[in-house]
Amino acid sequence: MKAFVISRHKGPLEPAEVPEPVVGERDVLIQVRAAGLNQLDEKIRIGEFKQILPYKFPLILGHDVAGVVLKAGAKAQAFKVGDEVYGRPRTESIGSFAERIAVPEADLALKPASIGFEEAGSLPLVALTAWQALVERGNVQPGQKVLIHAGAGGVGSIAIQLARHLGASVATTVGASNMDFVRELGADTVIDYRNEDFEQRLSGYDLVLDSLGGENLKKSLRVLKPGGKAIGISGPPDPAFAREAGLNPVMRLAIAGLSAGIRRQARTLGVGYEFLFMRASGEQLGRIASLIDGGTVRPIIGRVVPFEQTVQAIQDIDKGGIRGKTVISVP
């Protein structure tokens, strides 16, 4: 079958003929109809996570999938042939930039009935990230104040809608051209990051979802109220992540060092910092599908590209300027 693979870190993404996926006893074989493109794909390509995600090569990239079930493994019972599903395959099962993919059934949910494959393919990684940050880690409650950075992006555009649904007052940072767009999504306070300093306008926040890291994360800690929490999805990773990932003692020590400064700053300010590397969850995607079908959350697609243009699409990912997600459509 045709797929798009990398043969080494920092190597180009290239089309290739690869063997058919091996379907485990609890796996589901999917005919891919759409695959979302994520920054994580490019970060893996350039080797940014090679110490904590030791992939073997050649590697098929792609972390979002929507498609049709072709076959179920011997012990897979959740789906039948012909079901329309969507999911974010777990770390060892990625590879949706391909015509077919085998995914553990626990990582999948039925596709929201009210949307097409391309919209469904845009959702899993960003929707799970938003859910795990706001619901699972943040426990956002009605009346709380939540700051979501990069509100027009893939994660931000879903997180704004989810935070609003949870009853929070939502602030976000975007460029001037996207200010009206994020207000339509539900943002109450919108800051033009090029011309305004969010630290000067905001204070007393319960939760910050930070996708930028660096100085932006440091400033985010200072807008939290005592006891508030910043959740970072761009790093630095923290010791809790290292333990959950089962990393060796040397890597655990190194990761503790990477986040020591930001964790020290958080303690000094009386706030918390947690790193989030989202995990696959078909159960959570089922709950998200209900929000989609109920009209509470809508997918945001900035661009759809045909399967044969996958290489160009990943080359363009760092250019930015796209609202929501880029999605690859597979015929």
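Bear in mind the structure is a predicted one, so any value in this text is a computation, not a measurement. (Residues numbered from 1 in each chain as written. Predicted model: local features only at pLDDT ≥ 70, side-chain atom pairs only at ≥ 80, totals over all residues. Heavy atoms only, no water.)

> Can you help me understand the overall build of the protein in this one?
In terms of regular secondary structure, the protein is built from twelve helices and 16 strands. Taken over C-alpha atoms, the radius of gyration comes to 19 Å for the protein, in line with the 20 Å a tight globule of 331 residues would show. Summarising its shape, the C-alpha atoms of the protein cover approximately 55 × 45 × 35 Å along the three principal directions. A sequence separation of at least 24 residues applies to 68% of the contacts in the protein between residues at least 6 apart. Working note: accessible area of the protein is about 14,100 Å², and carbon and sulfur atoms make up 50% of it. Between the centroid of the 39 positive side chains of the protein and the centroid of its 36 negative side chains there is a distance of 5 Å. (Helix = DSSP H or I, 4+ residues; strand = E, 2+ residues; numbered from the N terminus. Rg over C-alpha atoms; globule rule 2.2 N^0.38 Å. Contact = heavy atoms within 4.5 Å. Areas by Shrake-Rupley, 256 points an atom, 1.4 Å probe, with all protein chains shown as cover. Lys, Arg positive; Asp, Glu negative; His and termini not counted. Charge placed at Lys NZ, Arg CZ, Asp CG, Glu CD.)

> Which parts of the structure should I look at to understand the pattern of salt bridges?
Two side chains carrying opposite charge are able to pair once their charged atoms lie near each other. As enumerated under the stated definition, the model contains 19 salt bridges in all. Note that Arg 279 and Glu 136 form a salt bridge whose closest N and O atoms lie 2.6 Å from each other. Highlighted residues: Arg 279 in the loop between strand S14 (272-275) and helix H11 (282-293) and Glu 136 in helix H3 (residues 124-137), separated in sequence by 143 residues. Judged by its relative accessible area of 41%, Arg 279 is partly exposed. In this structure, Arg 287 and Glu 283 form a salt bridge, with 3.6 Å as the shortest nitrogen-oxygen distance. Highlighted residues: Arg 287 and Glu 283, both in helix H11, separated by four residues, approximately one helical turn. What makes Arg 287 partly exposed here is its relative accessible area of 43%. (Salt bridge = Lys/Arg side-chain N within 4 Å of Asp/Glu carboxyl O. Buried < 20%, exposed > 50% of the residue type's maximum accessible area, 1.4 Å probe, protein only.)

> What am I meant to see in the side chain of Asp 41 here?
As for its position among the elements, Asp 41 is in helix H1 (residues 39-45). It is Lys 325 that comes nearest to the buried, bridge-free Asp 41 among opposite-charge side chains, at 7.5 Å. Here Gly 62 takes part through its backbone nitrogen, which lies 3.1 Å from a polar atom of the side chain of Asp 41. Discounting chain neighbours no more than four positions away, the residues touching Asp 41 are Gly 36, Leu 61, Gly 62, His 63, Phe 97 and Ile 314. (Polar contact = N/O pair within 3.5 Å; in protein donor to acceptor, adjacent residues only side chain to side chain.)

> I would appreciate a short explanation of the packing of H3 against H11 in the present structure.
Two measures define how a pair of helices packs: the angle their axes make with one another and the distance between the axes. At a minimum axis distance of 10 Å, the contact between H3 and H11 shows a crossing angle of 95°. On the basis of their axis angle, the class for H3 and H11 is roughly perpendicular. Where H3 abuts H11, its residues Pro 124, Ala 127, Leu 128, Trp 131, Gln 132 and Glu 136 lie against Gln 284, Leu 285, Arg 287, Ile 288 and Leu 291. Of the residues contributing to the contact of H3 with H11, the split by class is seven nonpolar, two polar and two charged. (Axes fitted to C-alpha atoms, helices over the stretch in contact; angles between N-to-C directions. Parallel < 35°, antiparallel > 145°, perpendicular 65-115°, else oblique. Nonpolar A, V, L, I, M, F, W, Y, C, P; charged D, E, K, R; others polar.)

> How should I be thinking about the pairing of strand S16 (residues 325-329) in this particular structure?
Residues in a regular strand project their side chains so that they alternate between the two faces of the sheet. Counting buried residues along S16, four of its five residues qualify, which places the element largely inside the surrounding structure. As defined by bridge partners, strand S3 (residues 27-37) adjoins S16 across four bridges and the pair is classed as antiparallel. Paired with Ala 34 across the two strands is Ser 329, which belongs to S16. Alignment of strand S15 (residues 301-306) against S16, held across five bridges, turns out to be parallel. In the sheet register, Val 304 faces S16, and the bridge partner there is Val 327. With respect to chirality, the unit in which S15 leads through helix H12 (residues 310-315) into the neighbouring parallel S16 is right-handed. (Pairing = 2+ DSSP bridges. Right-handed = clockwise from strand over helix to strand, strands pointing away.)

> Would you mind going over empty space enclosed by the protein with me for this structure?
Space left empty within the atom packing is revealed by a probe, the size of a water molecule, rolled over the atoms. Taken as a whole, this structure holds one cavity of 30 Å³ or more when the rule is applied. Roughly 50 Å³ of internal volume is contained in the largest cavity. In terms of lining, the largest cavity is formed by Ala 127, Trp 131, Ile 158, Leu 162, Ile 288, Leu 291 and Val 297. (1 Å grid on protein atoms, 1.4 Å probe; cavity = no way out; pocket = protein on both sides within 12 Å on 5 of 7 lines; lining within 4 Å. Points joined across faces, edges and corners; volume = space filled by probe spheres on them.)

> What's the story with the nonpolar core in this structure? I'm lost.
By size, the foremost hydrophobic cluster in this structure holds 110 residues, and its most contacted members are Tyr 86 and Phe 97. Top element by residues in this core is H3. It accounts for eight residues. (Core = buried A, V, L, I, M, F, W, Y, C linked by side-chain atoms within 4.5 Å.)

> Looking at this structure, how should I read the sheet that holds strand S11 (residues 189-192)?
Whether parallel or antiparallel, the strands of a sheet pair through hydrogen bonds between backbone atoms. Strand order in this open sheet of six strands is S11-S10-S9-S12-S13-S14, and the pairing throughout is parallel. At either margin of the open sheet sits one strand with a lone partner, and together these are S11 and S14. Strand after strand, the sheet turns through a mean of 15° between neighbouring axes, direction not considered. Across five bridges, the pairing between strand S12 (residues 205-210) and strand S13 (residues 224-232) is parallel. The partner of Leu 209 across the bridge, within S13, is Ile 231.

> Would you mind going over the packing of aromatic side chains with me for this structure?
Within a pair of aromatic rings, the relevant descriptors are the distance that separates the centres and the angle that separates the planes. One pass over the full model with this rule turns up four aromatic pairs. Ring centres of Phe 4 and Phe 307 lie 5.1 Å apart, and the angle between their planes is 85°; this geometry places the pair in the edge-to-face category. Remark: Phe 307 occurs in the loop between S15 and H12 and Phe 4 occurs in strand S1 (residues 2-6); sequence separation between them is 303 residues. Take Phe 4: its relative accessible area is 1%, and that puts it in the buried class. Judged by centre distance (6.0 Å) and plane angle (80°), the ring pair of Phe 49 and Phe 277 falls under edge-to-face. Highlighted residues: Phe 49 in the loop between H1 and strand S4 (59-60) and Phe 277 in the loop between S14 and H11, separated in sequence by 228 residues. Residue classification places Phe 277 among the partly exposed residues on the basis of a relative accessible area of 22%. Every member of this aromatic cluster is reached through a ring pair, and the members are Phe 49, Phe 241, Phe 275 and Phe 277. It is Lys 111 that lies over the ring of Phe 117; its NZ or CZ is 5.3 Å from the centre. (Phe/Tyr/Trp six-rings, centres within 6.5 Å; stacked < 30°, edge-to-face > 60°. Lys NZ or Arg CZ within 6 Å of the ring centre and 35° of its normal.)

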